[in-house]
Amino acid sequence: MSDVEKRLAALESQVAELTGRLAEPGEPVTPPKGTFWALDGLKQRLPADSSGAALYTGTVRLAGEQYDWQYGRTVDDLMADDWTELPAALSALAHPVRLRLLREILGGRQGTAELAGIEDLGTTGQLHHHLRQLTAAGWLRSASRGRYVIPAERVVPLLVILTAAGR
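Summary of the structure given here.

So, how was this worked out
- Residues numbered from 1 in each chain as written.
- Predicted model: local features only at pLDDT ≥ 70, side-chain atom pairs only at ≥ 80, totals over all residues.
- Heavy atoms only, no water.
- Helix = DSSP H or I, 4+ residues; strand = E, 2+ residues; numbered from the N terminus.
- Buried < 20%, exposed > 50% of the residue type's maximum accessible area, 1.4 Å probe, protein only.
- 1 Å grid on protein atoms, 1.4 Å probe; cavity = no way out; pocket = protein on both sides within 12 Å on 5 of 7 lines; lining within 4 Å.
- Points joined across faces, edges and corners; volume = space filled by probe spheres on them.
- Contact = heavy atoms within 4.5 Å.
- Axes fitted to C-alpha atoms, helices over the stretch in contact; angles between N-to-C directions.
- Parallel < 35°, antiparallel > 145°, perpendicular 65-115°, else oblique.
- Left-handed = near helix turned anticlockwise from the far one by under 90°.
- Nonpolar A, V, L, I, M, F, W, Y, C, P; charged D, E, K, R; others polar.
- Expected span 1.5 Å × (residues − 1).
- Phe/Tyr/Trp six-rings, centres within 6.5 Å; stacked < 30°, edge-to-face > 60°.
- Lys NZ or Arg CZ within 6 Å of the ring centre and 35° of its normal.
- Pairing = 2+ DSSP bridges.
- Arc of directions from axis to C-beta.

Take unusual backbone geometry next. Residues apart from glycine generally show negative phi values, whereas peptide bonds are mostly found in trans. Unusually for a residue other than glycine, A63 sits at a positive phi of about 50°. With respect to the helices and strands, A63 occurs in the loop between β1 (53-62) and β2 (65-74). The phi dihedral of D120 falls on the positive side, at around 70°, and the residue is not glycine. Looking at the secondary structure, you find D120 in the loop between α6 (112-116) and α7 (124-136). Given a relative accessible area of 70%, D120 falls into the exposed group.

Okay, here's the thing in structure tokens:
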């Protein structure tokens, strides 16, 4: 058996292990049962004539807080929506300092004094400008004077957006 044949056999073995069987040439490789448990559950809930749906879900524990969230929409509803208001929420995330602020706030640094002490965030005026932008877009909420939190209903969606952007 040649080196190429040995390598091909090893790859086929790995695919078989991952999928539970060998795929025939041209047949799509499907992941093992249970891999797409959330997707499988979504598909079961859709009517047969549906265009589909999008679902995001997550369970997150950060800085002593627990966030559990699940949200889904049908494709038909999403396509029928007015998308003209979305750029404000998305553009608020399109700045490295704002993303850094969100990361720090999720990590537990919630006071403006704590945030102002972080290097590379700019002046206090710039910090307040970014905090206002994030608050106006709904990514932050003032918890008390000089303290900010990410609203619980925005934690998982934020992490989903970051996950999607990193792909």
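Read on for the rest.
What follows is about the layout of surface pockets. Approximately 700 Å³ is the volume attributed to the largest pocket. In terms of residues, the lining of the largest pocket owes the most to one element, helix α8 (residues 152-165), which gives four residues.

This part is about the side chain of H130. Assignment of secondary structure puts H130 in helix α7. Sequence-distant contacts of H130, that is, excluding residues within four places in its chain, are made with H95, V97, R98 and L101.

This part takes up the packing of helix α5 (residues 96-106) against α8. Contact pair α5 / α8: the axes reach a minimum separation of 12 Å and the direction vectors enclose 135°. Between α5 and α8, the angle is such that the two are oblique. Classified by chirality, the crossing of α8 by α5 is left-handed. Residue-level inspection shows L99, L102 and L106 of α5 in contact with α8, the latter providing V155, L158, L159 and L162. Residues of the contact of α5 with α8, tallied by class, amount to seven nonpolar, no polar and no charged.

What follows deals with α8. Here α8 spans 21 Å end to end across 14 residues, near enough to the 20 Å set by a 1.5 Å rise per residue. Along α8, the residues classified as buried are V155, V156, P157 and L158.

A few words now on the environment of A143. For A143, the position within the fold is in strand β3 (residues 141-144). Sequence separation between A143 and G111 is 32 residues, and the spatial gap between their C-alpha atoms is 9.5 Å. Setting aside residues up to four positions removed in sequence, A143 forms contacts with Y148 and V149.

Take the packing of aromatic side chains next. Under the criterion given, the structure shown has one aromatic pair. On the basis of an interplanar angle of 50° and a centroid distance of 5.8 Å, the ring pair of Y56 and Y71 is categorised as tilted. Highlighted residues: Y56 in strand β1 and Y71 in strand β2, separated in sequence by 15 residues. Residue classification places Y56 among the partly exposed residues on the basis of a relative accessible area of 25%. Exposure remark for Y71: the relative accessible area of 37% places this residue in the partly exposed category. Over the ring of W139 we find R154; its NZ or CZ atom is 4.0 Å from the centre of that ring.

In terms of strand pairing, β1 meets β2 through ten bridges, oriented antiparallel. Each residue of the ladder has a partner; that of A54, found in β2, is R73. Two successive antiparallel strands, β1 and β2, enclose a turn made up of two residues, where A63 displays a positive phi of approximately 50°.

Further remarks concern α7. Helix length check: α7, at 13 residues, gives a terminal C-alpha distance of 18 Å against a target of 18 Å (1.5 Å per residue), a fit within 8%. Restricting attention to buried positions, one finds in α7 the residues L127, H130, L131 and L134. Viewed along the axis of α7, the buried residues span an arc of 100°, placing them on a single side of the element. Exposed and oriented more than 90 degrees from the buried face of α7 are R132 and A136. Summarising the contacts, the buried residues of α7 are in contact with α4 (86-92), α5, α6 and β4 (147-149).

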